[in-house]
Amino acid sequence: MKAARTRTALASLCFGLALLAVQGPAGAQSEPYKVFDTRPVITEGPFLSALSDTSVSVVWMTDAPSHAKVLLRDGDTVREFEPQVDGLVPVGLRHVVTLSGLTPGKQYSYEAVATRVVKLKPYWPDKGLSASSAPATFTTFNPQGKRASFSVVTDTHEDTGRINRLMKLVDWPGTDALLHLGDAFHWLDTEEQLWAKWLRPTVAAMGPGKPLLFARGNHELRGAYARHLAGYVPAPEGTYYYARAMGPVHLLVLDTGEDKPDDTNVYARLNRTVPYREAELAWLRAHAASSKHLASAPFRVVAMHQGDWGWLPDNGAAWTALANQARVDLVIAGHDHEFSYRPPDQARAYHLLVLGQDQLARVDATERELTVRVLSDQGLLLHTLKIPTRK
Ligand SMILES: [Fe+2]
């Protein structure tokens, strides 16, 4: 048996070497399989999705089927991150590589590398050459940092002119992240729509080194391609909701689901947001009870699409109670398409700021004060909110 296996392996190796010899210098690689002289083209990205203090997901597209890896440089040290799914290296046009085990508050350089797979045969698949993105740097969030700044937009609703106007107002060197509060779309039909109406103009402004944080809106639950969206704005956690420790800010990015009950006829019994939101609430409850950064940070900020927590059987009572208990200072939301601000009241112990559709919010936090400045798409200062720390 062993001898037979060895013979087979030898035969395979000889076959591979023969192919390499036939292929000649075009392959230009000493691989024991066929390598065509063709490279993929990076057509979108790369960009950083849902950066944290220790991880980030890198996303990009190629024009032809490829497999992907990311080279991460820290000084002279190079680490390779290569994804696998059920033991297989993913081959496709969309690439997601999650980097984990990073050091908080540290600058890294990365390159996205895609290697062409010409034909995915069971044995001796035909390969091609690799294409790499230009090296780009990013800095992981620092839970111990003295400052944090992020820029917020919402409800861009497929209007690329709106996106371009708002992106020009962002102070990119001074912002740690771009936060989109959902409803980038009317509904989602295709991959091209996803890039053309949102990610392409956003990534063009953001570049490869600033992260995008995304809070899903109700419109993102609709349309034939809605079920694929998470693969384009992935979080290392694999969920649309997560927490980020950004210096003085403990940021909670939440998914407020739909704005109508699951049994509303327009959904044709295809929605199950009730158990989904219950799981999200359970996660938030556990996180609030266990996170040291949430407990000790000068500010807790919730970023979500619908400022009233979205449609829920209890109208959001459990969420409001949990936010009060967790000492949330600010909820920043969208959905209404116009600005509003409500100070804390008897029901809510937090400030509620709803950002308008053609507005940019810049959130700046020190250990003593959290400031939100809301600008019009012409750069006019519309509102300033200053929240002192409770400590
Ligand atoms: Fe909405």
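None of these values were measured; they are calculated from a predicted model.

Caption draft 1: Focus on the sheet that holds strand S12 (residues 249–253). The six strands are arranged S11-S12-S13-S14-S16-S15 in an open sheet whose pairing can be described as mixed. The open sheet has two free edges, formed respectively by strand S11 (242–246) and strand S15 (340–342), since each of these has just one partner strand. In this sheet, neighbouring strand axes are inclined to one another by 15° on average, regardless of whether the strands run parallel or antiparallel. Bridge count between S12 and strand S13 (residues 299–306): five bridges; the pairing is parallel.

Caption draft 2: Spatial organisation of the coordination of the iron ion. The protein atoms donating to the iron ion are Asp 183 (OD), Asn 218 (OD1), His 305 (NE2) and His 335 (ND1), with metal-donor distances spanning 2.0 to 2.2 Å. Around the iron ion, the four donor atoms sit at angles spanning 84 to 170°, and that spread fits a shape best called irregular. Read in sequence order, the donor residues for the iron ion give the motif D-x34-N-x86-H-x29-H. Taken together, the residues Asn 218 in the loop between strand S10 (211–214) and S11 and His 305 in strand S13 connect sequence positions 87 residues apart. Here Asn 218 falls in the buried class, since its relative accessible area comes to 1%.

Caption draft 3: The arrangement of the packing of aromatic side chains in detail. Applying the stated criterion across every chain yields a total of twelve aromatic pairs. When the ring of Phe 185 is compared with that of Trp 198, the centres are 5.8 Å apart and the planes differ by 90°; the resulting orientation is edge-to-face. One end of the pair, Phe 185, is in the loop between strand S9 (177–180) and helix H3 (191–206); the other, Trp 198, is in helix H3, with 13 residues separating them in the sequence. Accessibility expressed as a relative area gives 0% for Phe 185, which makes it buried. Plain terms: the ring middles of Phe 214 and Tyr 240 are 6.4 Å apart, the flat faces sit at 70° to each other, and that makes the pair edge-to-face.

Caption draft 4: Region of the structure containing the domain arrangement of the chain. What the domain assignment reports for the chain is domain 1 (26–139) and domain 2 (148–388). Computed over C-alpha atoms, the centres of domain 1 and domain 2 are 29 Å apart. On the side of domain 2, 21 residues touch domain 1, which itself brings 21 residues to the contact. Its largest share of buried area at the contact with domain 2, domain 1 owes to Glu 44, Phe 47 and Ala 50, together 34% of the area lost on that side. For the pair domain 1 and domain 2, the number of links is one salt bridge. Glu 44 serves as the salt-bridge partner of Arg 200, at 2.7 Å between the closest nitrogen and oxygen. At the junction of domain 1 and domain 2, the tally comes to eight residue pairs in polar contact (both at pLDDT 80 or more). The set of elements that each furnish at least two residues to the side of domain 1 that touches domain 2 consists of strand S1 (42–49), strand S2 (56–74), strand S4 (92–99) and strand S7 (136–139). Considering every element that reaches the side of domain 1 that touches domain 2, the biggest residue donor is S1, with six residues.

Caption draft 5: How the structure looks around the confidence of the model for the chain. Chain-level pLDDT for the chain is 94 on average; 92% of the residues reach the 70-or-more range. Below a pLDDT of 50 lies the segment residues 1–28, which in the model reaches 18 contacts outside its immediate sequence neighbourhood of four places, other chains included.

Caption draft 6: Broad picture of helix H2 (residues 160–169). For H2, the set of buried residues is Arg 162, Ile 163, Leu 166 and Met 167. On an axial view of H2, the arc spanned by its buried residues comes to 125°, and they lie on one face. Where H2 is buried, its residues touch strand S8 (148–153), S9, H3 and strand S17 (359–365). Its side-chain oxygen 3.1 Å from the backbone nitrogen of Gly 161, Asp 159 forms the N-cap of H2.

Caption draft 7: Summary view of the packing of helix H4 (residues 273–290) against helix H6 (residues 317–325). In contact at an axis separation of 11 Å, H4 and H6 are set at 15° when each is read in the N-to-C sense. It follows that H4 is roughly parallel to H6 by the angle criterion. Remark: the crossing between H4 and H6 carries left-handed chirality. Taking contact as the criterion, the partners of Arg 277, Glu 280, Leu 281, Leu 284, Arg 285 and Ala 288 in H4 are, on H6, Ala 318, Trp 319 and Leu 322. Here the contact of H4 with H6 is composed, by residue class, of six nonpolar, no polar and three charged.

Rules used throughout
Residues numbered from 1 in each chain as written. Predicted model: local features only at pLDDT ≥ 70, side-chain atom pairs only at ≥ 80, totals over all residues. Heavy atoms only, no water. Pairing = 2+ DSSP bridges. Helix = DSSP H or I, 4+ residues; strand = E, 2+ residues; numbered from the N terminus. Axes fitted to C-alpha atoms, helices over the stretch in contact; angles between N-to-C directions. Donors = N, O, S within 2.8 Å, 3.2 Å for Na, K, Ca; no water. Tetrahedral: all angles 85-135°; square planar, octahedral: opposite > 155°, others 65-115°. Buried < 20%, exposed > 50% of the residue type's maximum accessible area, 1.4 Å probe, protein only. Phe/Tyr/Trp six-rings, centres within 6.5 Å; stacked < 30°, edge-to-face > 60°. Domains from an automatic or database assignment. Contact = heavy atoms within 4.5 Å. Buried area = accessible area lost by both parts, 1.4 Å probe. Salt bridge = Lys/Arg side-chain N within 4 Å of Asp/Glu carboxyl O. Polar contact = N/O pair within 3.5 Å; in protein donor to acceptor, adjacent residues only side chain to side chain. pLDDT = per-residue confidence, 0-100. Arc of directions from axis to C-beta. Parallel < 35°, antiparallel > 145°, perpendicular 65-115°, else oblique. Left-handed = near helix turned anticlockwise from the far one by under 90°. Nonpolar A, V, L, I, M, F, W, Y, C, P; charged D, E, K, R; others polar.

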